[in-house]
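Observations on the model geometry
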Amino acid sequence: VFGYTWALMHHLFSGIRHLVWDLGYGFKASEREAMTWGALVAGISATVLLWIVAYMIGGGQ
Amino acid sequence: MSAPETVKSMRTPLGRVRNLGASHSGTTDFWRQRITAVAMILLTVPVIVVVMMLLGSNHAGAAQMLGSPLVAIVLLLFIIASTWHMKIGMQVVIEDYAHHEALKLALIMANNFFCFAVALASIYAILKLSSGV
């Protein structure tokens, strides 16, 4: 389930990256690199964060 | 018309492209995929909040919460957007990678059945909890 959360989160942030490209922004090489790394890092961060919050709320159940 | 036409056509340029394209539906799916994507971006936070609120609650509590109007509507919207997005996304993969025409049509049909079944089962569950039966 942890892996699936990461898959969904990575899909979400990569999807936002593609929406930005659809709008015509961020096509420079540096911007492409930054957004790709950003999506990877954001996906991992969001996944870890969500699970920390889940364990805090669930009280380790 | 700049180029000399050897065969006179009465069809307008729009009429020639209408109903064409590999999918026979033009850019409809492309646009739907964007609509459902943006919808899910907006719905992500409320859906995560709902899932977090379910943590630690028992069956009765969870059923009551999922059946409350606001939660049910948010989840229904998310179910519709996500299963639609899922159906289009998988169909694009099939269209790109299934090279045998009959196999491709069979896979697209199976994909439609699967996504529709998932959507209907999920919607049915939410409505059942909402109606309290």
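Up top you'll find the structure we're talking about.
As the structure is a prediction and not an experimental result, all values here were calculated from the model.

Definitions and limits used
- Residues numbered from 1 in each chain as written.
- Chains lettered and ligands numbered in written order.
- Predicted model: local features only at pLDDT ≥ 70, side-chain atom pairs only at ≥ 80, totals over all residues.
- Heavy atoms only, no water.
- Helix = DSSP H or I, 4+ residues; strand = E, 2+ residues; numbered from the N terminus.
- Areas by Shrake-Rupley, 256 points an atom, 1.4 Å probe, with all protein chains shown as cover.
- Contact = heavy atoms within 4.5 Å.
- Buried area = accessible area lost by both parts, 1.4 Å probe.
- Salt bridge = Lys/Arg side-chain N within 4 Å of Asp/Glu carboxyl O.
- Polar contact = N/O pair within 3.5 Å; in protein donor to acceptor, adjacent residues only side chain to side chain.
- Nonpolar A, V, L, I, M, F, W, Y, C, P; charged D, E, K, R; others polar.
- Phe/Tyr/Trp six-rings, centres within 6.5 Å; stacked < 30°, edge-to-face > 60°.
- Buried < 20%, exposed > 50% of the residue type's maximum accessible area, 1.4 Å probe, protein only.
- Axes fitted to C-alpha atoms, helices over the stretch in contact; angles between N-to-C directions.
- Parallel < 35°, antiparallel > 145°, perpendicular 65-115°, else oblique.

A word on the overall build of chain B. What chain B contains, in helices and strands, is five helices and zero strands. The linear arrangement of helices and strands in chain B, starting from the amino end, is α-α-α-α-α. Counting every atom, chain B has about 9,500 Å² of accessible surface; 73% of that belongs to carbon and sulfur.

Listed per partner, the contact involves twelve residues of chain A and nine residues of chain B. Looking only at chain A, the three residues that lose the most surface to chain B are A:Leu19, A:Leu50 and A:Ile57, adding up to 42% of its buried area. There are one salt bridge connecting chain A and chain B. A salt bridge links A:Asp22 to B:Arg34; the shortest N-O distance between them is 2.9 Å. Taken together, the links from chain A to chain B amount to one residue pair in polar contact (both at pLDDT 80 or more). In terms of residue count, the dominant contributor to the side of chain A that touches chain B is helix α1 (residues 2–22) of chain A (six residues). Here the residues of the side of chain A that touches chain B sort into eight nonpolar, three polar and one charged.

What follows concerns the packing of aromatic side chains. All names here are of chain A. Applying the stated criterion across every chain yields a total of three aromatic pairs over all chains. Their ring planes at 20 degrees and their centres at 6.4 Å tell us that Trp21 and Phe27 sit as a pair that is stacked. Residue classification places Trp21 among the buried positions, given a relative accessible area of 17%. Every member of this aromatic cluster is reached through a ring pair, and the members are Phe2, Trp51 and Tyr55.

Turning our attention to the packing of helix α4 (residues 69–97) of chain B against helix α5 (residues 101–131) of chain B. Residue and element names in this part refer to chain B. Between α4 and α5, the least distance of the axes is 10 Å, while the angle of their chain directions is 175 degrees. Taken as axis vectors, α4 and α5 run roughly antiparallel relative to one another. Split by residue class, the contact of α4 with α5 holds 17 nonpolar, six polar and three charged.

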